[in-house]
Amino acid sequence: MKRVALLGATGSIGRQAIEIVEAHPGLELCAAASGSTPLDGVDAPLKQVGGDLVELLERAQPDVVLNAVVGFAGIHATLWALERGVDLALANKESLVAAGELALAALERGGGRILPVDSEHSALFQCLEGREPDQVDTLVLTGSGGPFRGRSRDELADVTAEQALAHPTWRMGPKITVDSATLANKGLEVIEAHFLFGIPYERIEVAIQPTSIVHSLVRFRDGAALAHLGYPDMRVPISYALTYPERAATPLPPLDLTALTLEFEAPDPETFPMLALAREAGLRGGTAPCAFNAANEVAVAAFLEGRLPFLGIPEVVGETLAAVDGAPARDLGDLLEADREARSLAERGVAIA
Ligand code: NAD
Ligand code: MG
């Protein structure tokens, strides 16, 4: 029996994870946590609403931590699992983006594994399995392009939170849905892929594939490319991470090839500057990705609350990145400080925007 600690149990990923655990006789929840939503109806011996996730994990001693918390708040749980060599099924990309090198050092010390839950990274993980790094030419992360694909910058000046929350292919929590509309999500995913797979930024590309059937692909040095296809349904990567390497059955129908359209386009850098800002933060390294993430979290929250226009999101993030030094993170304290500083700079940016 594999004992799963599910953090973020009331969210979009959390609820789908419960469905996967309930359907699989080899999986059980040993702990479940949420930020503030009650855990009514969640069947787990240890339950916690709010509070310290590390304390909960210490009590639960899980075989695998499914970190489906949203945002930087997931960082302590990510580092806890990595440091102890406990399998980390990672949906909470913000923690890996922010912690970067520190997370990899903890992974090395702990000797465990990161099993990506993010669909693109699950796809890449599967395409890369058993390959040596020197065989890889490029990683290509795909994205739907979000609800505003094809629009010009000017056309986005007045878009509302409601419009940004209408994602064409995935049903997700509000923060990642806005990130998909700005392409900040793809930017976070470029950084996530860099740390997960050790590929330099110049060899990680982004392609728009509007129907979200191709979940990512790897180009190899011999000219072959391996792609991962499937319906856009997070139960597949959640199940893969929780049952790896077994690949358990899910209720999804087989892919119907005759009903597919597979077109690709390049992302529009003028309309979606968050992608370039994320790359810039990744290339600067140190605490720059942490600052990018923090500023984005602040800007997205302000946009959802009607305190910042849509185009203010890249503005605030760009100004914050320009103002921080991106010094190296020697320990968690440095990261917490970089996160705090970027948040306060971004809040100031929101106030004057
Ligand atoms: P959501 O908003 O639906 O759910 C977030 C969950 O985190 C909730 O259960 C909430 O209570 C919990 N939470 C928030 N702050 C917390 C805290 N301080 N302590 C404990 N719990 C806390 O979000 P989501 O869409 O499920 O996304 C979760 C994570 O997975 C994000 O990092 C997101 O980027 C990633 N992800 C989501 C999807 C998706 O399809 N939803 C796909 C890929 C990656
Ligand atoms: Mg993704």
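Residues numbered from 1 in each chain as written. Chains lettered and ligands numbered in written order. Predicted model: local features only at pLDDT ≥ 70, side-chain atom pairs only at ≥ 80, totals over all residues. Heavy atoms only, no water.

Quick question: what am I supposed to make of the coordination of the magnesium ion (ligand 2) here?
Six octahedral donors around a metal ideally sit at 90 or 180 degrees from one another, while four tetrahedral donors ideally sit at 109.5 degrees. Coordination of the magnesium ion (ligand 2) by the protein involves D118 (OD), E120 (OE) and E189 (OE), with metal-donor separations of 2.0 to 2.2 Å. Here the donor residues for the magnesium ion (ligand 2) map to a single chain with the spacing D-x1-E-x68-E. Linking E120 in helix α5 (residues 119–128) with E189 in helix α8 (residues 184–197), this pair joins segments that are 69 residues apart in sequence. Residue E120 shares its accessibility class with E189, and that shared class is buried. (Donors = N, O, S within 2.8 Å, 3.2 Å for Na, K, Ca; no water. Helix = DSSP H or I, 4+ residues; strand = E, 2+ residues; numbered from the N terminus. Buried < 20%, exposed > 50% of the residue type's maximum accessible area, 1.4 Å probe, protein only.)

Hey, could you run me through the pairing of strand β1 (residues 2–7) in this one?
Both β1 and strand β2 (residues 27–34) contribute to a ladder of 6 bridges, which runs parallel. If you follow A5 over to β2, its bridge partner there is A31. Here β1 pairs with strand β4 (residues 64–67) via 4 bridges, running parallel. Across the sheet, the residue bridging to L6 is L66, located in β4. (Pairing = 2+ DSSP bridges.)

Hey, could you run me through the packing of aromatic side chains in this one?
Any two aromatic rings considered together are summarised by their centre-to-centre distance and by the angle between their planes. Under the criterion given, the structure shown has 5 aromatic pairs. Centroid distance F303 to F310: 5.5 Å. Interplanar angle 70°. Geometry classified as edge-to-face. The residues F303 and F310 share a single accessibility class, namely buried. Members of the aromatic cluster, connected to one another through ring pairs, are F125, Y240 and Y244. Over the ring of F220 we find R131; its NZ or CZ atom is 5.4 Å from the centre of that ring. (Phe/Tyr/Trp six-rings, centres within 6.5 Å; stacked < 30°, edge-to-face > 60°. Lys NZ or Arg CZ within 6 Å of the ring centre and 35° of its normal.)

Can you walk me through the domain arrangement of the protein chain in this structure?
Per the domain assignment, the segments making up the protein chain are domain 1 (2–118 + 234–253) and domain 2 (155–182 + 271–353). In this assembly, 14 residues from domain 1 lie in contact with 18 residues from domain 2. The contact between domain 1 and domain 2 buries some 1,200 Å² in all, and 72% of this surface belongs to carbon and sulfur atoms. When the buried surface of domain 1 facing domain 2 is broken down by residue, F72, A98 and L102 rank first, second and third, together holding 42% of it. For the pair domain 1 and domain 2, the interface holds 1 salt bridge. E94 is the salt-bridge partner of K175, the closest N and O atoms lying 2.9 Å from each other. Contributions of two or more residues to the side of domain 1 that touches domain 2 are made by α3 (75–84) and α4 (93–110). Broken down by element, the residue count for the side of domain 1 that touches domain 2 peaks at 6 residues, all from α4. (Domains from an automatic or database assignment. Contact = heavy atoms within 4.5 Å. Buried area = accessible area lost by both parts, 1.4 Å probe. Salt bridge = Lys/Arg side-chain N within 4 Å of Asp/Glu carboxyl O.)

Honestly, the nonpolar core in this entry has me stumped. Any pointers?
One broad rule of soluble globular proteins: the nonpolar side chains tend to lie buried together. Counting residues in hydrophobic clusters, the biggest one holds 117 residues, and the most contacted among them are L139, L242 and F310. Top contributing element to this core by residue count: helix α11 (residues 288–304), with 11 residues. Of the residues that make up this core, three or more belong to each of domain 1 (2–118 + 234–253) and domain 2 (155–182 + 271–353). Apart from residues no more than four positions distant in its own chain, L242 is found in contact with K2, V4, I20, V21, L27, V64, L66 and A89. (Core = buried A, V, L, I, M, F, W, Y, C linked by side-chain atoms within 4.5 Å.)

Would you mind going over the sheet that holds β1 with me for this structure?
Hydrogen bonding along the main chain pairs the strands of a sheet, whether they run parallel or antiparallel. Strand order across the open sheet formed by 6 strands is β3-β2-β1-β4-β5-β6, with parallel pairing between neighbours. Strand pairing shows two members of the sheet lacking a second neighbour, β3 (46–49) and β6 (114–116), which therefore form its edges. Recorded for the sheet is a direction-independent mean angle of 20° between the axes of neighbouring strands. On the sheet, helix α1 (residues 12–23) packs against β1, β2 and β4 and is oriented at approximately 160° with respect to β2. (Axes fitted to C-alpha atoms, helices over the stretch in contact; angles between N-to-C directions.)

Could you clarify how one ought to interpret the sheet that holds strand β7 (residues 136–143) in this entry?
Here 4 strands make up an open sheet; going across it, the order is β8-β7-β9-β10 and the pairing mixed. In this open sheet, the two edge strands, each paired with only one partner strand, are β8 (204–208) and β10 (225–229). Within the sheet, the average angular offset between the axes of one strand and its neighbour, ignoring direction, is 20°. Both β7 and strand β9 (residues 214–220) contribute to a ladder of 4 bridges, which runs antiparallel. Directly across from V136, in β9, lies its bridge partner F220. Across the face of the sheet, α5 comes into contact with β7, β9 and β10 while running at roughly 35° to β9.

Can you help me understand the site of ligand 1 in this one?
Close to ligand 1 lie 23 residues, the nearest being T10, S12, G35, E94 and G173. Backbone polar atom of G35 to an oxygen atom of ligand 1: 2.8 Å apart, as the coordinates give it. A distance of 3.4 Å separates an oxygen atom of ligand 1 from a polar atom in the backbone of A91. With the chains in place, 86% of the 830 Å² that ligand 1 exposes on its own is no longer accessible. Elements that contribute at least two residues to the shell around ligand 1 include exactly α1, α4 and α7 (174–182). Of the residues contributing to the shell around ligand 1, the split by class is 12 nonpolar, 8 polar and 3 charged. (Near = heavy atom within 4 Å. Polar contact = N/O pair within 3.5 Å; in protein donor to acceptor, adjacent residues only side chain to side chain. Areas by Shrake-Rupley, 256 points an atom, 1.4 Å probe, with all protein chains shown as cover. Nonpolar A, V, L, I, M, F, W, Y, C, P; charged D, E, K, R; others polar.)

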